[in-house]
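Residue-level listing of the chains:
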Amino acid sequence: YEQRKAANSEQSLIGMKDLRAVFLIDNWYQATNKNLKTLLVYRDWRYAIFSLFKRHSRELLQFTTPIQQRKLDYQFWQHPKLAAKMWLESANAMLKWVKKHPKDTLLFEQKAFISEQQTLKQRAQEKGFESQVLDCQLFDSSLMQSSVPQSMLDMVPRHIQLLCNHAQK
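Residues numbered from 1 in each chain as written. Predicted model: local features only at pLDDT ≥ 70, side-chain atom pairs only at ≥ 80, totals over all residues. Heavy atoms only, no water.

S.K.: I keep staring at the overall build of the protein chain and nothing clicks. Help me out?
M.R.: Counting its secondary structure elements, the protein chain contains 9 helices and 3 strands. Helices and strands appear in the protein chain in the N-to-C order α-β-α-β-α-α-α-β-α-α-α-α. A buried classification covers 36% of the 169 residues belonging to the protein chain. The contacts in the protein chain between residues at least 6 apart in sequence include a share of 69% that link residues at least 24 apart. For the protein chain, the exposed area adds up to about 11,000 Å²; of that, 50% sits on carbon and sulfur atoms. (Helix = DSSP H or I, 4+ residues; strand = E, 2+ residues; numbered from the N terminus. Buried < 20%, exposed > 50% of the residue type's maximum accessible area, 1.4 Å probe, protein only. Contact = heavy atoms within 4.5 Å. Areas by Shrake-Rupley, 256 points an atom, 1.4 Å probe, with all protein chains shown as cover.)

Rendered as C-alpha cells:
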C-alpha cells in the first residue's frame, strides 16, 4: 500500500469495465493519495444483463460438471432478476462516486464512445484528462450488441426494469 501511494504522487487514471470494480474505487482513491481521475463507462442495462445470461449459459453448457454443482451459473436462471440487480447496484455506486467527485470523474454510456467521441474528448479535457484516453482507433462497432431478446427482458420484473431505466438516465 505504501509503495503504491509513493508511486502515485501524480494524478492517476483508472478505467473500469467490470461492474464489480466500481465497489473498490474508494480503495484506489486512497492508494493514489486522493489524486485520482476516474473514467466510468457503463453499458445499457439490457445489454449488460443479456451478456451475463449468455456467459452463464455458456458456462452451464460447456462443462460436464453436474448442474447442481454449478450454483453460480445456475442462479442466473433460478433468479433472473439477479443480473439486473447487479447492474443496478453498480450503476448506483457509479452515480454516488460521480456526485462525490464530479470534477475528476467522467461517466458515459459505452455507445457514446463511438457516436459522441468528440464531445467526450472535450468533456475529458475540461476535467483534466489526457485526450488520448478516449482515442478510438482500433474498434469494430459491429461487435457491439444491438439487440436483446424480449423473452430475456420478460424474465426481469417490471419494477426492476423501471429502476434500471431510471438509474440509466
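S.K.: In this structure, what is going on with the pattern of salt bridges? I would like to understand it.
M.R.: Opposite charge on two side chains permits pairing when their charged atoms draw close. What the rule picks out here adds up to 3 salt bridges. For Lys100, the salt bridge goes to Asp26, with nearest N and O atoms at 3.9 Å. Residue Lys100 is found in helix H5 (residues 81–100), and its partner Asp26 is found in helix H2 (residues 25–31); the two are separated by 74 residues along the sequence. Accessibility expressed as a relative area gives 53% for Lys100, which makes it exposed. The partly exposed category is assigned to Asp26, whose relative accessible area is 39%. (Salt bridge = Lys/Arg side-chain N within 4 Å of Asp/Glu carboxyl O.)

S.K.: Honestly, unusual backbone geometry in this entry has me stumped. Any pointers?
M.R.: If a residue is not glycine, its phi is most likely negative; likewise, a peptide bond is most likely trans. One non-glycine residue, Asn33, lies in the positive phi region at around 55°. Within the secondary structure, Asn33 is located in the loop between H2 and strand S2 (36–42). Judged by its relative accessible area of 36%, Asn33 is partly exposed. Even without a glycine there, the phi angle at Lys34 is positive, about 60°. Turning to its location among the elements, Lys34 is positioned in the loop between H2 and S2.

S.K.: What should I look at first to understand helix H7 (residues 117–126) in this one?
M.R.: Every α-helical turn comprises 3.6 residues, leaving residues that sit three or four positions apart pointing alike. Those residues of H7 that sit buried are Gln117, Leu120, Lys121 and Ala124. The arc enclosing the buried residues of H7, seen along the axis, measures out at 100°, which places them on a common side. Exposed residues on H7 whose side chains face more than 90 degrees from its buried face are Gln118 and Glu126. Of the residues one or two after H7, Gly128 is the one with positive phi, at around 90°. (Arc of directions from axis to C-beta.)

S.K.: Can you walk me through the nonpolar core in this structure?
M.R.: It is characteristic of soluble globular proteins that their nonpolar side chains tend to be buried jointly. Core analysis: the biggest nonpolar cluster contains 29 residues, and Ile49, Trp87, Met152 and Cys164 have the highest contact counts within it. Looking at this core, the elements with two or more residues in it are H2, S2, helix H3 (45–62), H5, helix H8 (150–155) and helix H9 (158–168). Per element, the largest residue contribution to this core is 8 residues, and it comes from H5. Filtering out sequence-adjacent residues up to four positions away, Trp87 remains in contact with Leu19, Tyr42, Arg43, Asp44, Trp45, Ala48, Ile49, Cys164, Ala167 and Gln168. Core analysis: the second largest hydrophobic core is formed by 8 residues, Leu106, Phe108, Ala112 and Ala124 among them. (Core = buried A, V, L, I, M, F, W, Y, C linked by side-chain atoms within 4.5 Å.)

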